[in-house]
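# Structural description and commentary
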Amino acid sequence: MRFAIMGAGDIGSRYGARLITAWHDVTFIARGARLAELQSKGLIVPAGSFGPEFVIESVQATDAPQCMAPVDSIVFAVKNYHLDDAANLIKPIVGDDTTIIPLQNGVAAPGRIGDIVGSKHVLGFATYSPNAIGELDGPISNRVQRLADAFNEAGLKVEAVDNIWEPLWRKLCAYASFSPFIVARLSPGDAMANPELAELHRNACREVAAVGQAEGFDIDAKKLVEFASFAPKSKQSMTRDLEAGRRLELEDLIGAVVHKAEQRGISVPVIKTCYQLLKPHEHGN
C-alpha cells in the first residue's frame, strides 16, 4: 500500500518505520529542520516505551504534498492544535478511495478532519492497549480489516472493531484521569508512590468514568486506576510538553471531559481544578 505520514514526530516516525520494514511505500510529510534531517540522514527512531530502535538510511520525505499523487492511506500524526492546517495540506493527496487514520488522542479529531477533507475518508483510531481501528459510523468494513492486517503485519498490534468510539472514550478517560500527575509533573509511578496524589488519581478516575458512562460507554474506574501501572516511569506527553514550555493539547485531552461534565451536570472537582491549573500554560512559554 502507498502511505503518507502526516507529521514525522515520534509517533508518526515510528508508524512510518514499521510500515517501511513491512515493504509498504511510505512518504513522510514534514517541514523545516525535520524535513532536512529526513532527507540528509534518513529516519532514526530511538528505542523507548513504544518500541525498539529503527534506523533507515534513506526515506521519502517532502514538504510539498501537492506534488504527490493520491495515496491509499494517510497516517495523520500531528498534534491536535496543528490539525486544521495539516488537514488542509493533505487535500491534494486525498483520492476517491484514500483513507485517513487519525492518531490524535481525544474524540474530536475525526470530525474536525472530516469537515475539511470529507468524512467518508476518515476512520477512527485509538492508541490504546491494544490499538483499535474502525469506521466512525458502522461495523468492520473491508478497508478497516485491510488496514488492521497491514498494521499487524508491520508489528503494530491493531484490532479492527465495530464501535471505535468505545476505545476512543476509554483512552480519553484514561488520559484525563492522569491530570493530577500532569499538574505535579510526575510519572505515574512516582505520583502513585505519594498517598495524596494516589488518592487524587482515584478520585479523578471516578469522575471521568462517570462522564464516560453518561456518554454511553462502558468506562470502569477501577480499570482506569490499574492503567496507571501500564508504563509507570513514562511521563505523559502533556507533562513533557509542560516541562519544555510547549503548547498543550489541553482542550482535547482534559477540557473535553470538563465541558461534557458541565453539559450533563456531573461534578468533576479534581479534573476541573487540574484543568484550571493547566490553563495558563496552554499556549506554552
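Everything below is about the structure shown above.
To keep things clear, this report deals only with the structure shown in the data block. (Residues numbered from 1 in each chain as written. Predicted model: local features only at pLDDT ≥ 70, side-chain atom pairs only at ≥ 80, totals over all residues. Heavy atoms only, no water.)

This part covers the overall build of the protein. Along the protein, the regular secondary structure elements total 13 helices and 10 strands. In terms of overall dimensions, the protein is globule-like: its C-alpha atoms have a radius of gyration of 19 Å, near the 19 Å expected for 285 residues. The dimensions of the protein, computed from C-alpha atoms along their principal axes, are 50 × 40 × 30 Å. Across the 285 residues of the protein, 52% fall into the buried class. The long-range fraction of contacts in the protein, counting pairs at least 24 apart against all pairs at least 6 apart in sequence, stands at 66%. Between the centroid of the 29 positive side chains of the protein and the centroid of its 34 negative side chains there is a distance of 4 Å. (Helix = DSSP H or I, 4+ residues; strand = E, 2+ residues; numbered from the N terminus. Rg over C-alpha atoms; globule rule 2.2 N^0.38 Å. Buried < 20%, exposed > 50% of the residue type's maximum accessible area, 1.4 Å probe, protein only. Contact = heavy atoms within 4.5 Å. Lys, Arg positive; Asp, Glu negative; His and termini not counted. Charge placed at Lys NZ, Arg CZ, Asp CG, Glu CD.)

With respect to the helices, strands and loops of the structure, Glu282 is situated in the segment after α13 (269-278). Within the local environment of Glu282, its side chain forms a polar contact with the side chain of Lys279, the two groups lying 2.8 Å apart. Not counting residues within four places of it along the chain, the set of residues in contact with Glu282 comprises Arg247, Leu248, Leu250 and Glu251. (Polar contact = N/O pair within 3.5 Å; in protein donor to acceptor, adjacent residues only side chain to side chain.)

Applying the stated criterion across every chain, the model contains 18 salt bridges. Between Lys233 and Asp190 there is a salt bridge, with the nearest N and O atoms lying 2.8 Å from each other. Here Lys233 is found in the loop between α10 (221-227) and α11 (237-244), whereas its partner Asp190 is found in helix α8 (residues 188-192), with 43 residues between them in sequence. Here Lys233 falls in the exposed class, since its relative accessible area comes to 61%. Ionic pairing is found between Glu251 and Lys279, a salt bridge with its closest N-O pair at 2.5 Å. With Glu251 in helix α12 (residues 250-264) and Lys279 in the segment after α13, this pair connects stretches of sequence that are 28 residues apart. Classification of Glu251 as partly exposed rests on a relative accessible area of 25%. Here the residues in one salt-bridge network are Lys79, Asp241, Arg246 and Glu249, joined through shared partners. (Salt bridge = Lys/Arg side-chain N within 4 Å of Asp/Glu carboxyl O.)

Turning our attention to α13. Residues three or four positions apart in an α-helix share a direction because the helix packs 3.6 residues into each turn. Among the residues of α13, Val270, Ile271, Cys274, Tyr275 and Leu278 are the ones counted as buried. Angularly, the buried residues of α13 cover 135° about the axis, an arc narrow enough to put them on a single face. (Arc of directions from axis to C-beta.)

The phi torsion at Trp23 lies on the positive side, around 70°, for a residue other than glycine. With respect to the helices and strands, the residue Trp23 is situated in the loop between α1 (10-21) and β2 (25-29). On the accessibility criterion, Trp23 (80% relative accessible area) is exposed.

For the rest of this paragraph, the subject is the pairing of β2. Where burial is concerned, most of β2 is hidden: 4 out of the 5 residues are buried. Of the pairings in the sheet, the one linking strand β1 (residues 2-6) to β2 comprises 5 bridges and is parallel in character. Looking across to β2, one finds that Met6 is bridged to Ile29. As a crossover connection, the stretch from β1 through α1 into β2 is right-handed. (Pairing = 2+ DSSP bridges. Right-handed = clockwise from strand over helix to strand, strands pointing away.)

As a rule of thumb, nonpolar side chains are buried together in soluble globular proteins. Counting 45 residues, the largest nonpolar core has Leu224, Met238 and Ile254 as its most contacted members. Broken down by secondary-structure element, the contributors of at least two residues to this core are α6 (165-177), α7 (179-184), α9 (195-214), α10, α11, α12 and α13. (Core = buried A, V, L, I, M, F, W, Y, C linked by side-chain atoms within 4.5 Å.)

Another aspect to go through is the sheet that holds strand β6 (residues 71-76). Strand pairing in a sheet is mediated by backbone hydrogen bonds. Such pairs are either parallel or antiparallel. As summarised here, the arrangement of the 5 strands in space is β5-β2-β1-β6-β7, forming an open sheet in which the pairing is parallel. Looking at which strands have only one partner, the edges of the open sheet turn out to be β5 (60-62) and β7 (94-102). For this sheet, the mean inter-axis angle between neighbouring strands, taken without regard to orientation, is 25°. When β2 meets β5, the two strands line up parallel, connected through 3 bridges. Bridge pairing links Thr27 to Gln60 in β5. (Axes fitted to C-alpha atoms, helices over the stretch in contact; angles between N-to-C directions.)

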